[in-house]
Amino acid sequence: VSKTLIDIGCYEADKSKASCSGALSDYAVLEGAKVSCSAEAAGIEGDIIYKWDFGNGTTVTTNLAKFAYAYPNAGLFTVSVAASGDEGETWTAPFELPTKIVVAPSVMYVNSESENPSFPYKGKEAAAKTITAVLNVMTNNDSQGLACVPGVEVRIVSGSQLTDSGMVLNEAIVIRGESDNPTNVVITHNGTSKRAFTLNHADA
């Protein structure tokens, strides 16, 4: 109060200090499998809502700090999340998860004569040229090998195949011939950071 004037001040939160972070329960899954998403906001007042961008054209807005999402299609995706405390009028800067998520089909193909290799290598026409190409995406090299998709079957259509040495898988996968080799071959991490690779086939 100053004589006959009244000065009414208004407090506004410093929105420049608002931030959001997030994480996924898994960074390597089969398509259709649910992934738990968790987010946390700081420097925001009011009822917080979160906006997830799953990198596949799908966004989800929710008031839940944790919820589940299932990728319908295979791919390698960058995920981000932002938060708002004013019903979505303003958002924090998107927090991009530093680890990409790899979503794989249950079966991937390898053909050394493939003319159009294209992840997720779902059919013979788009088969990978080498087992290494399949394993590289399955172990999600973009995340420093943090992930390996469990339960994938790799089918060898044709050609001799070799893998790079020193590759570690922390989940079991199955590699088998598409037609001539009925023997299933399991590659698994044995707990000692060593790799075993055996194909019971004269042409492999």
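Residues numbered from 1 in each chain as written. Predicted model: local features only at pLDDT ≥ 70, side-chain atom pairs only at ≥ 80, totals over all residues. Heavy atoms only, no water.

(A) Here's a closer look at the environment of Ser 158. Positionally, Ser 158 belongs in strand 12 (residues 153-158). Ser 158 gets classed as partly exposed once you look at its relative accessible area, which sits at 24%. Spatially, the C-alpha atom of Ser 158 lies 8.0 Å from that of Gly 177, the residues being 19 residues apart in sequence. For Ser 158, the contacting residues outside a window of four places in its chain are Val 110, Asn 111, Ser 112 and Glu 113. (Helix = DSSP H or I, 4+ residues; strand = E, 2+ residues; numbered from the N terminus. Buried < 20%, exposed > 50% of the residue type's maximum accessible area, 1.4 Å probe, protein only. Contact = heavy atoms within 4.5 Å.)

(B) Structural detail: the side chain of Ser 80. Relative to the assigned elements, Ser 80 resides in strand 8 (residues 80-84). Apart from residues lying up to four places away in sequence, Ser 80 is in contact with Lys 51, Trp 52, Asp 53, Pro 94, Phe 95, Glu 96 and Leu 97.

(C) Structural view of the confidence of the model for the chain. On average, residues of the chain carry a pLDDT of 78, and 69% of them reach 70 or more. When mean pLDDT is taken per element in the chain, strand 4 (residues 49-53) scores highest with 97 and strand 14 (residues 185-187) scores lowest with 53. Between residues 141-146, whose pLDDT stays under 50, and residues either more than four places distant or in other chains, the model counts ten contacts. For residues 192-196, every residue scores under 50 in pLDDT, and the model assigns this stretch eight contacts once sequence neighbours within four places are set aside. (pLDDT = per-residue confidence, 0-100.)

(D) Highlighting the nonpolar core. Among the nonpolar cores identified, the biggest contains 21 residues, and Leu 24, Trp 52, Phe 54, Tyr 71, Val 79 and Ile 101 are the most heavily contacted of them. Of all elements in the fold, only strand 1 (19-24), strand 3 (34-42), strand 4, strand 6 (66-70), strand 8 and strand 10 (101-104) reach the threshold of two or more residues within this core. When residues in this core are grouped by element, the largest group, three residues, is from strand 3. (Core = buried A, V, L, I, M, F, W, Y, C linked by side-chain atoms within 4.5 Å.)

(E) Looking closely at the sheet that holds strand 5 (residues 59-62). The four strands lie next to each other as 5-4-8-9, forming an open sheet whose pairing is antiparallel. Two strands lie at the open edges of the sheet, namely strand 5 and strand 9 (95-96), each paired on one side alone. (Pairing = 2+ DSSP bridges.)

(F) Quick look at the pattern of salt bridges. What the rule picks out here adds up to two salt bridges. Two residues, Glu 153 and Arg 155, come together in a salt bridge whose shortest N-O distance is 2.7 Å. (Salt bridge = Lys/Arg side-chain N within 4 Å of Asp/Glu carboxyl O.)

(G) View of the side chain of Asp 86. Along the chain, Asp 86 falls in the loop between strand 8 and strand 9. Within polar-contact distance, the side chain of Asp 86 engages the backbone nitrogen of Glu 89 at 3.1 Å. (Polar contact = N/O pair within 3.5 Å; in protein donor to acceptor, adjacent residues only side chain to side chain.)

(H) Here's a closer look at the packing of aromatic side chains. Summed over the entire model, instances satisfying the criterion amount to eight aromatic pairs. Their ring planes at 15° and their centres at 3.9 Å tell us that Phe 54 and Tyr 69 sit as a pair that is stacked. Of this pair, Phe 54 sits in the loop between strand 4 and strand 5 while Tyr 69 sits in strand 6, and the two are 15 residues apart along the sequence. Cluster of aromatic residues (ring-pair linked, three or more members): Trp 52, Phe 54, Phe 67, Tyr 69, Tyr 71 and Phe 77. The ring centre of Trp 91 lies 4.5 Å from the NZ or CZ of Lys 51, which sits over that ring. (Phe/Tyr/Trp six-rings, centres within 6.5 Å; stacked < 30°, edge-to-face > 60°. Lys NZ or Arg CZ within 6 Å of the ring centre and 35° of its normal.)

(I) The arrangement of helix 1 (residues 131-138) in detail. Of all eight residues in helix 1, six are buried; the element is thus mostly enclosed. All of the buried residues along helix 1 are Ile 131, Thr 132, Val 134, Leu 135, Val 137 and Met 138. Turning to helix 1, the residues buried within the fold contact strand 10, strand 11 (107-111), strand 12 and strand 13 (173-177). One side-chain oxygen at the N-terminal end of helix 1 lies 3.1 Å from the backbone nitrogen of Ala 133; it belongs to Thr 130.

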